[in-house]
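The chain contents come next:
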Amino acid sequence: MKRILLPVVGTVVSAGLLAAGLAGTAQAAPDWATDPMAVNNAAAVSVVDFWTASNNAALKSATAYYHDSTPPSWKSGGGYSPDGKPGSVLPIGEEKAAPAIVKNINLPKTIGKVFWVDAGGRPKWASATSVQSKYRNLVVTAAHNVYDTSGVGDPRVLDRWVFVPGYYQGKAPWGIYVGKTAWTHYDFDVYEDYDRDYAFVTVYNGVLANGEKKVTRSEYGKFTGPKWTKGGDYFIGLSRDAGRLGDNVGGQGFTWNQRTGQGVYVFGYPQAPHPDGDKPYTGVTPKWVYGKTTGKVYVSPAEKVEEHMGLKAALTPGADGGPWLVRYSNAKRLGYVNGVTSLFGDQDKNGRYDLITSAYFDGETADIYRKASNVWSGKIVGPNGELYR
């Protein structure tokens, strides 16, 4: 369990400041941090308007986010270890049955893409999954897909953040889910420490685009939701409540303090080329790999990584944030999230990605998950299809 300490600046401390600092009971920084996203219905509706306008034009124009086009320089060192007993939370609808071993893998319904707008105003996407929670409204992904790490200082949450399960070429078959609150580890929120590169996001009920309606110019001027023009004609967008995320696509289980060396299925939407320029993936459809997590610990000083676990895999960026699932049942399409893809590596330096890594999920991760999984979010579409504002 790593701890980042603040450096001591200077050598002289005011006696008054020192006394004030010692007056109360000393308290360690919390393990968790939480940040608001779309804080109310009006903000959430504005996000929906952005992504659904002109027949989901912004979703279609989004491009994959590449955290870093240059693979990190990996080496062995450091160490991770469980900080308590192993634990698990069952997936939505999962029964305690041993999964059958099959060659053909059914992709989980829970996976999809997260979309946001970067600091330059460009729509971006990466991978994520729905996960079990009390209100069936929780998404897990890499923290760098939730927090903007491009600036100076503490990272802020990304703008206009949504999750779209089963996304395919501009289609949102189960709706668009707007992020309400983000939860991550204190060390990522403050220090951008990639040993804690995971985040949980509570989402509002989904919104389904329900077609469009041609209106008069006066109606168009009064309407406040998604609207656009075509050849001089005026159109407005219609919406309906899609319900809760977990009710629609299910939710993976969650597990922590697990031993390495277990078999794991990793899902995601790889899109980037390999460092040598070869581009085997399109990012349009999800892909999967299977392997055993290594006992070797991966270290990358640039990202403050000292204790990542790794998996040999040729996935490329775009897949980051995708779930690592242990005990995956092909029949039920459910397993237990034991990590999320964080970084990529080229171990043999041949210009091809051959490694993906994840933060190790320990008891602190579980505490953050528990906090996020018990928070209600609500809906943003009324009974008559009106968007709450």
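Residues numbered from 1 in each chain as written. Predicted model: local features only at pLDDT ≥ 70, side-chain atom pairs only at ≥ 80, totals over all residues. Heavy atoms only, no water.

## Quick word on the overall build of the chain
Stated precisely, the cut-off is as follows: Under the DSSP-based scheme used, a helix requires at least four consecutive residues in state H or I and a strand at least two consecutive residues in state E, with every element numbered from the N terminus. Burial classes follow relative accessibility: with a 1.4 Å probe on protein chains only, a residue under 20% of its type's maximum area counts as buried, one over 50% as exposed, and anything between as partly exposed. Between two residues, a contact is recorded if the distance between any of their heavy atoms is within 4.5 Å. Per-residue accessibility takes into account occlusion by the displayed protein chains alone, with areas from the Shrake-Rupley method and a 1.4 Å probe.
For the chain, the count of helices and strands is 6 helices and 24 strands. Buried residues in the chain amount to 54% of all 389 residues. Within the chain, contacts between residues at least 6 apart in sequence are counted, and of these 74% link residues at least 24 apart. Total accessible area computed for the chain in this model is approximately 17,200 Å², and 53% of it derives from carbon and sulfur atoms.

## A look at unusual backbone geometry
With glycine set apart, most residues show a phi of negative sign, and most peptide bonds adopt trans. Positive phi outside glycine occurs at Arg136, with the angle close to 55 degrees. Among the secondary structure elements, Arg136 is positioned in the loop between β6 (123–131) and β7 (138–141). Of note, the phi angle at Asn257 is positive, near 55 degrees, even though the residue is not glycine. Along the polypeptide, Asn257 turns up in the loop between β16 (253–256) and β17 (263–268). Take Asn257: its relative accessible area is 3%, and that puts it in the buried class.

## Some remarks on helix α6 (residues 363–373)
Rules: Distance and chemistry together define a polar contact, namely a pair of N or O atoms within 3.5 Å, with one atom able to donate a hydrogen and the other to accept it when in protein, and with adjacent residues in sequence counting only for side-chain atoms on both sides.
Taking burial as the measure, the 11 residues of α6 include 8 buried ones, the bulk of the element. Residues of α6 that are buried: Gly363, Glu364, Thr365, Ala366, Ile368, Tyr369, Ala372 and Ser373. Measuring from the side-chain oxygen of the N-cap residue of α6 to the backbone nitrogen of Glu364 gives 3.1 Å; that N-cap residue is Asp362.

## What about helix α2 (residues 41–61)?
Keep this limit in mind: A helix is expected to reach a length of 1.5 Å times the quantity of its residues less one. Consider a residue and the seven residues that end there alongside the seven that start there; fitting an axis to each set, the bend is the angle between those axes.
Helix length check: α2, at 21 residues, gives a terminal C-alpha distance of 25 Å against a target of 30 Å (1.5 Å per residue), a shortfall beyond 12%. Bending of α2 peaks at approximately 115 degrees at the position of Ser54. Those residues of α2 that fall on the buried side of the exposure criterion are Ala44, Val45, Val47, Val48, Asp49, Trp51, Thr52, Asn56, Ala58 and Leu59. By the N-cap criterion, in which a side-chain oxygen at the helix start approaches the backbone nitrogen of a residue two or three places on, α2 is capped by Asn40, the distance to Ala42 being 3.3 Å.

## Digging into the confidence of the model for the chain
Condition: pLDDT runs from 0 to 100 and stands for how confident the predictor is about each residue.
Summarising the model, the chain shows a mean pLDDT of 84, and 82% of its residues fall at 70 or more. Counting contacts from residues 5–26, a segment whose pLDDT is below 50, to residues more than four positions away or on other chains yields 2 contacts. Every residue in residues 95–102 scores below 50 in pLDDT, and together they form 7 contacts with partners more than four places removed in sequence or on other chains.

## Looking at the packing of aromatic side chains
The test is simple: Pairing of aromatic rings covers Phe, Tyr and Trp, the last through its six-membered ring, and needs centres within 6.5 Å; plane angles under 30 degrees mean stacked, over 60 mean edge-to-face, and all others mean tilted. We call a charge positioned over a ring when the NZ of a Lys or the CZ of an Arg lies within 6 Å of the ring centre and within 35 degrees of the ring normal.
Within the structure shown, the criterion is met by 23 aromatic pairs. Ring centres of Tyr198 and Phe361 lie 5.3 Å apart, and the angle between their planes is 75 degrees; on these two criteria the pair is classed as edge-to-face. Taken together, the positions of Tyr198 in the loop between α3 (186–191) and β12 (199–203) and Phe361 in the loop between β24 (355–358) and α6 put the pair 163 residues apart, joining distant regions of the chain. A relative accessible area of 0% places Tyr198 in the buried class. One aromatic cluster is present, formed by Tyr198, Phe200, Phe254, Trp256, Phe361 and Tyr369 through successive ring pairs. Stacked on the ring of Trp125, the Lys or Arg Lys113 has its end atom at 3.6 Å from the ring centre. Here the basic side chain of Arg160 rests over the ring of Phe50, its NZ or CZ set 4.2 Å away from the ring centre.

## Observations concerning the pattern of salt bridges
Counted only if it meets this: By definition here, a salt bridge exists when the distance from a side-chain nitrogen of Lys or Arg to a carboxyl oxygen of Asp or Glu is within 4 Å.
On inspection of all chains with the given rule, the structure shows 11 salt bridges. Between Arg136 and Asp247 there is a salt bridge; the shortest N-O distance is 3.3 Å. Taken as a pair, Arg136 in the loop between β6 and β7 and Asp247 in helix α5 (residues 245–249) lie far apart in primary sequence, 111 residues in all. Using a relative accessible area of 41% as the deciding quantity, one classes Asp247 as partly exposed. Residues Asp159 and Arg156 are paired through a salt bridge, measuring 3.4 Å at the closest nitrogen-oxygen approach. Each of Arg136, Arg244 and Asp247 takes part in salt bridges that share partners, so that together they form one network.

## Comments concerning the nonpolar core
Defined as follows: In plain words, nonpolar cores are sets of buried Ala, Val, Leu, Ile, Met, Phe, Trp, Tyr and Cys residues tied together by side-chain atoms within 4.5 Å.
Val114, Val139, Val146, Trp161 and Phe163 are the most contacted members of the largest nonpolar core, which has 27 residues in total. Within the residue set of this core, elements represented by two or more residues are β5 (111–117), β6, β10 (159–165), β11 (177–185), β12 and α5. Here this core gets 3 residues from one element, more than from any other, and that element is β12. If you look at the next biggest cluster of nonpolar residues, it comprises 24 residues, including Val45, Ala62, Tyr167 and Tyr204.

## Some points on the environment of Gln271
Looking at where Gln271 falls in the secondary structure, it is placed in the loop between β17 and β18 (287–292). Those residues in contact with Gln271 that lie beyond four places of it in its chain are Ala64, Tyr66, Trp125, Lys279, Tyr281, Thr282, Gly283, Thr316, Pro317 and Gly318.

## Details of the pairing of β12
In plain terms, the rule: Two strands make a pair as long as DSSP finds a minimum of two bridges between them.
Counting buried residues along β12, 5 of its 5 residues qualify, which places the element largely inside the surrounding structure. Neither face of β12 is exposed, since Ala199, Val201 and Val203 on one face and Phe200 and Thr202 on the opposite face are all buried. Where β7 and β12 come together, 4 bridges link them in antiparallel fashion. Note on β12: the bridge partner recorded for Val140 is Phe200. Alignment of β11 against β12, held across 5 bridges, turns out to be antiparallel. When the sheet's bridge partners are listed, Trp183 is paired in β12 with Phe200.

## What about the side chain of Thr181?
Tracing the backbone shows Thr181 in strand β11. By relative accessible area, Thr181 is classed as buried at 16%. In this structure Thr181 touches Thr34, Asp35, Met37, Phe200, Val201 and Thr202, once residues within four positions along its chain are discounted.

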